[in-house]
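Here is how the chains run, residue by residue.
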Amino acid sequence: MDVLRSIESEFRRYKRLAEGAIAQLDDGDLSRPAGAGNSIAILVWHISGNLKSRFTDFLTADGEKPWRARDEEFVSRSVTRAQLLEKWEEGWTVLFSAVGTLNGDDLMRTVTIRSQPLAVHEALERSLSHASYHVGQIVYIAKSLRGDRWKYLSIPPGKSEEFNKALKSGGSRQV
């Protein structure tokens, strides 16, 4: 059970990291790509679509649902902050609902993703890696768009020693 709570905690940490980056942006930046890549809106649509597909009927149905329109997730779109956050929450809600029903015995059960059998723990690790990859992109895009107005979501450059001293004196581990 500790493994499940650890995985859930990491999902929640990456969700907060992306939200911290998104919160720093102006609404117009949400649909604007940094360079020739994806915008944050595209990445949010993709992460949400992936999580909804993978974790709807997680233990009983293939993780790539026939109703998912993956290619449409990558279409450029203009969205409001409210629309973006609503889409974001849709995927995470499905994920956390599914993970919340799992117990330690489920970790070795088999699920399928695109007809590939995986142990539940492998599917969770795969999904966590996928989410963290795209959250990293969201943070990178947000940082690129903010430039020198960026507020670091982890230890700022040149502040490692200060952070470590604070930890030793009982400060927070949160970054």
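Heads up: the structure comes first, above all this text.
This text gives an overview of the structure that appears in the document.

What counts and what doesn't
- Residues numbered from 1 in each chain as written.
- Predicted model: local features only at pLDDT ≥ 70, side-chain atom pairs only at ≥ 80, totals over all residues.
- Heavy atoms only, no water.
- Phe/Tyr/Trp six-rings, centres within 6.5 Å; stacked < 30°, edge-to-face > 60°.
- Lys NZ or Arg CZ within 6 Å of the ring centre and 35° of its normal.
- Helix = DSSP H or I, 4+ residues; strand = E, 2+ residues; numbered from the N terminus.
- Expected span 1.5 Å × (residues − 1).
- Buried < 20%, exposed > 50% of the residue type's maximum accessible area, 1.4 Å probe, protein only.
- Core = buried A, V, L, I, M, F, W, Y, C linked by side-chain atoms within 4.5 Å.
- Contact = heavy atoms within 4.5 Å.
- Salt bridge = Lys/Arg side-chain N within 4 Å of Asp/Glu carboxyl O.

What to know about the packing of aromatic side chains
Here is step 1 of the chain: Under the definition given, this model contains four aromatic pairs.
Here is step 2 of the chain: We note R13 situated over the ring of Y14; from NZ or CZ to the ring centre the distance is 4.9 Å.

Examining helix α2 (residues 40–55)
Here is step 1 of the chain: The end-to-end C-alpha distance of α2, which contains 16 residues, comes to 22 Å, matching closely the 22 Å that a straight helix rising 1.5 Å per residue would cover.
Here is step 2 of the chain: By the criterion of burial, α2 is predominantly enclosed, with 16 of the 16 residues buried.
Here is step 3 of the chain: Looking one or two residues beyond α2, the residue adopting positive phi is D57, at roughly 50 degrees.

As for the nonpolar core
Here is step 1 of the chain: I40, F58, L84, W92, L124 and I138 are the most contacted members of the largest nonpolar core, which has 43 residues in total.
Here is step 2 of the chain: Elements represented by at least two residues in this core include exactly α1 (2–23), α2, α4 (81–101), β1 (110–113) and α5 (120–146).
Here is step 3 of the chain: When residues of this core are assigned to their parent elements, the largest contribution, 11 residues, is made by α5.
Here is step 4 of the chain: Look past the residues within four positions of L84 in its chain and what remains in contact with it is I22, L30, I40, A41, V44, W45 and V79.

Section: the pattern of salt bridges
Here is step 1 of the chain: Across all of its chains, the model carries 16 salt bridges by this definition.
Here is step 2 of the chain: Taking the shortest distance from any N to any O, the salt bridge between E8 and R5 comes out at 2.6 Å. Remark: R5 and E8 occur in helix α1; sequence separation between them is three residues, near one turn of the helix.
Here is step 3 of the chain: The buried category is assigned to E8, whose relative accessible area is 13%.
Here is step 4 of the chain: A salt bridge links E162 to K159; the nearest nitrogen and oxygen atoms lie 3.7 Å apart.
Here is step 5 of the chain: With relative accessibility at 53%, the residue E162 sits in the exposed group.
Here is step 6 of the chain: Take K159: its relative accessible area is 38%, and that puts it in the partly exposed class.
Here is step 7 of the chain: Several salt bridges share partner residues, and in doing so they unite R54, E64, R68, E73 and R114 into one network.

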